[in-house]
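Residues per chain, in single letters:
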Amino acid sequence: MARREFETLTPQMFYILLVLNVPRHGYEIMNEVSHITEGEVNIGAGTLYTLLPRFQTEGYIDLISIEDQKKIYQLTPLGKKKLQKEKVRIEKQLTLLEAIDYEV
Amino acid sequence: MKYKYIYAKDKLLIEDDCIVFLEKMSKQGWKLKRIFLSVFIFERCNEPLKYQLDYNDYDQEYIDIIEELGYEYICLYNNIKFYCHKDLNAIDLQTDPTIHELLILKKYSFSSIMGNFGMLLIFLIFLQTVLDYSPFGKQPADFYLYFNNEVLAICLYFLIALLFLQTIKNIDIRYKNQT
């Protein structure tokens, strides 16, 4: 069966949704992700502007306003649910990692 | 020498190869000015540059952000925008490989390749119609009567050849970029 889009989130997808807990426009999203990850994860403009309309179509984010030609987005309840699912997935991975008791 | 001309050969097929080539040229003091019929045209530059290719065609906000990030638009070739940046450590335009691959596959989608074949077919039918009225096998004096058809036929041959080569190239790019 073909892999569904957004079945699992890449780090870039995850952080874009994460920082949209408050309304932000594109440039703010890029800066905030870079800030909270201390530069470990950067969002390229091309990646961001490809993902935003797709997230909107999936219902994960909403376009709430346009100010000075800048579109401002915010996470929807469905987007929060998606992040919650992602949290469960990551926790499961951690549990499995601990159960194997690798020295990492 | 003010400009340098280099035939692209297969440098335009794989994005990473193209970027490596352009960055190597900038280290040698040549900055891309534009691309015309698969020929890179370079002009003199004093510093190494970072290059990025962009397949997106979004709104003004997107273009503003790219400029705000310090990227300089160079040219458009085959619906791909070429950008350069003076900072070699500037953030790439595409930072998510999954999305990047998706964009390339979308640009060279099966339906767009089939669209090319469709246009090729229309040109061939049109060419056949034109040739029906061409002066082949007629008296030399008839040449003037059919001159316009001859010119049209030559133009169509040229267009068909270009379209055919472009289609083959697009198929090549699509399958070489598939992981």
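Here is a short report on the structure shown in this document. (Residues numbered from 1 in each chain as written. Chains lettered and ligands numbered in written order. Predicted model: local features only at pLDDT ≥ 70, side-chain atom pairs only at ≥ 80, totals over all residues. Heavy atoms only, no water.)

In this section: the interface of chain A and chain B. Listed as interface residues are 21 residues of chain A and, on the opposing side, 22 residues of chain B. At the boundary of chain A with chain B, total buried surface from both sides reaches about 1,800 Å², with 57% on carbon and sulfur atoms. On the surface where chain A and chain B come into contact, there are zero salt bridges. Inspection of the region where chain A meets chain B yields 12 residue pairs in polar contact (both at pLDDT 80 or more). Within the residue set of the side of chain A that touches chain B, elements represented by two or more residues are helix 1 (11-19), helix 2 (26-36), helix 3 (45-58) and strand 3 (70-75) of chain A. It is helix 3 of chain A that contributes the most residues to the side of chain A that touches chain B, seven residues altogether. Classifying every residue of the side of chain A that touches chain B by side-chain character gives seven nonpolar, 10 polar and four charged. (Contact = heavy atoms within 4.5 Å. Buried area = accessible area lost by both parts, 1.4 Å probe. Salt bridge = Lys/Arg side-chain N within 4 Å of Asp/Glu carboxyl O. Polar contact = N/O pair within 3.5 Å; in protein donor to acceptor, adjacent residues only side chain to side chain. Helix = DSSP H or I, 4+ residues; strand = E, 2+ residues; numbered from the N terminus. Nonpolar A, V, L, I, M, F, W, Y, C, P; charged D, E, K, R; others polar.)

A few words now on the environment of F126 of chain B. All names here are of chain B. Tracing the chain through its elements places F126 in helix 4 (residues 110-132). For F126, a relative accessible area of 41% corresponds to the partly exposed category. It is 9.9 Å that separates the C-alpha atoms of F126 and L152, two residues lying 26 residues apart in sequence. Setting aside residues up to four positions removed in sequence, F126 forms contacts with L152 and L156. (Buried < 20%, exposed > 50% of the residue type's maximum accessible area, 1.4 Å probe, protein only.)

Before going further, it helps to examine the pattern of salt bridges. In this structure the tally under the stated criterion is five salt bridges over all chains. Among the salt bridges present, the one from E86 of chain A reaches R89 of chain A, with a minimum N-O distance of 2.5 Å. Of this pair, E86 of chain A and R89 of chain A both sit in helix 4 (residues 77-100), three residues apart, which is roughly one turn of that helix. The closest approach of N and O atoms between K50 of chain B and D92 of chain B, which form a salt bridge, is 2.6 Å. Of this pair, K50 of chain B sits in strand 4 (residues 50-54) while D92 of chain B sits in the loop between strand 6 (80-85) and helix 3 (97-107), and the two are 42 residues apart along the sequence.

Let us now look at the environment of A45 of chain A. Within the secondary structure, A45 of chain A sits in helix 3. Between the alpha carbons of A45 of chain A and K70 of chain A there is a distance of 14 Å; along the sequence they are 25 residues apart. The residues contacting A45 of chain A, other than those within four sequence positions of it, are M30 of chain A together with Y62, I65, I66, L69, D92 and L93 of chain B.

Any link to function would need more than the numbers given here.
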